[in-house]
Amino acid sequence: MVTSSIVNTYPLSSYSFGTKEPKMEKDTSVADRLARMKLNYMKEGMRTSVEAILLVQEHNHPHILLLQIGNTFCKLPGGRLKPGENEIEGLKRKLSSKLAANSPNMQPNWQIGECVAVWWRPNFETIMYPYCPPHISKPKECKKLYVVHLSEREYFAVPKNLKLLAVPLFELYDNVQRYGPVISTIPQQLSRFQFNMIPA
Amino acid sequence: MEIINERMNNGDRSGNLVFDIYPLSSYYFSSKPALSFKDETLADRARRLKSNYDAHGMRTCVEAVILVELFKHPHLLLLQAKNCIYKLPGGRLRPGESDVDGLKRKLSSKLSADEDYYQTQWEVRECIGTWWKSDFETLPYPYLPSSGKNPKECTKLYLVKLPSSRDFIVPKNLKLLAVPMCQLHESRKTYGSIISGIPQLLSRFSINMVGS
């Protein structure tokens, strides 16, 4: 494992963006989502989900790519693994599903880096913790966040119903209200990396 | 320049992220004479830090994240000075001193007999987080100042692995506490952003509680 970790970040302008068919959310409310999670848990056991931190730079400050649903809710690209699916392969699958054009000759070669955070869901509720709480032997979900190293040029095709935003770390830091506890702590979890900001 | 490569394509990349911790009861604690702290006014401190900055550049502090197990939950070792000042064991690097050497020196000073500096083995593992201050009186942030200004101070947190047992010798004017991770999380008012953020920095490790 490389412990002296350097991440190359390229300007937002070196990437191009198009659209593709909408990817609707499977659930229309939080309650529905938790109910579906419970059903899946009974069939398959603990859910493992993987999410990607894609970094670009603007004005020499790192920015993370987030998908915005509707007017306010932001999430990282990623999602639930199939039972027995390898985490890295699953994350590549989810990234292509959310951000790659459909044609087979335009698939980005996703470079998955280190895992920077793991969050645990002890019950069928929205709350998650960065450790498995004491006395919880059967967590319902484990979510892992991975840094993804983008190459200098990529083409992203974003589903029509979603917006892709590049949000600076200083905007995410401590902003639990707007981005939730997982995304708002990413700046600290990236602080051990050295960012090599490649100019335009 | 090192590039992060794709490692072996097995789903589990956590093999080298397993971290053993031992029960609090396997460690021994005694005390030694009080450490003297600089007793100066805020204005004096500001002047001292500024003149150090002019002479040597950015102030770098290194701090240790040391864990033990209690009640089947990881606990962080913290030093308490006076009633409400909590600190991680560590301190400022001397000019030209490496992070690891400086941290070992500070750990021996705060947690061992001083004469023992060259004998104590401290196993310093990786850096888990970095905080920067753009000025001495401002708050620390986990990224370089976005203004492009040079930071005045940098604090690096290092994970330190304990052996299965050892003696801790703590200065009389400090208390050594073991605080559960679940208490640190979301207790920013009590412990500050750096200490209360440690559970999120440790989340990627698989903490193996040995012998519990």
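Cut-offs applied
Residues numbered from 1 in each chain as written. Chains lettered and ligands numbered in written order. Predicted model: local features only at pLDDT ≥ 70, side-chain atom pairs only at ≥ 80, totals over all residues. Heavy atoms only, no water. Buried < 20%, exposed > 50% of the residue type's maximum accessible area, 1.4 Å probe, protein only. Helix = DSSP H or I, 4+ residues; strand = E, 2+ residues; numbered from the N terminus. Pairing = 2+ DSSP bridges. Contact = heavy atoms within 4.5 Å. Buried area = accessible area lost by both parts, 1.4 Å probe. Salt bridge = Lys/Arg side-chain N within 4 Å of Asp/Glu carboxyl O.

1. A short note on the pairing of strand β3 (residues 59–70) of chain B
Residues and elements named next belong to chain B.
For step 1, the next point in the chain: With eleven of twelve residues buried, β3 lies mostly within the body of the structure.
For step 2, the next point in the chain: Pairing geometry for β3 and strand β8 (residues 153–161), over eight bridges, is parallel. Within β8, the position partnered with T60 by the bridge is C154.
For step 3, the next point in the chain: Two elements, β3 and strand β6 (residues 90–92), share three bridges in a ladder whose sense is antiparallel. Each residue of the ladder has a partner; that of V62, found in β6, is G91.
For step 4, the next point in the chain: Hairpin connection, β3 to strand β4 (residues 73–81): the antiparallel pair is bridged by two residues, and F71 has positive phi, about 55 degrees.

2. Considering the interface of chain A and chain B
For step 1, the next point in the chain: Contact with chain A, which involves 39 residues of that partner, is made by 36 residues of chain B.
For step 2, the next point in the chain: Both faces considered, chain A and chain B share a buried interface measuring about 3,500 Å² in area, 57% of it formed by carbon and sulfur atoms.
For step 3, the next point in the chain: At the boundary of chain A with chain B, the tally comes to two salt bridges.
For step 4, the next point in the chain: Where D174 of chain A meets R188 of chain B, a salt bridge forms, and the shortest distance between an N and an O atom there is 2.3 Å.
For step 5, the next point in the chain: For the side of chain A that touches chain B, the elements supplying multiple residues, two or more each, are β1 (6–9), α2 (87–99), β7 (111–121), β8 (141–149), α3 (169–172) and α5 (186–190) of chain A.
For step 6, the next point in the chain: Here the side of chain A that touches chain B gets nine residues from one element, more than from any other, and that element is β7 of chain A.

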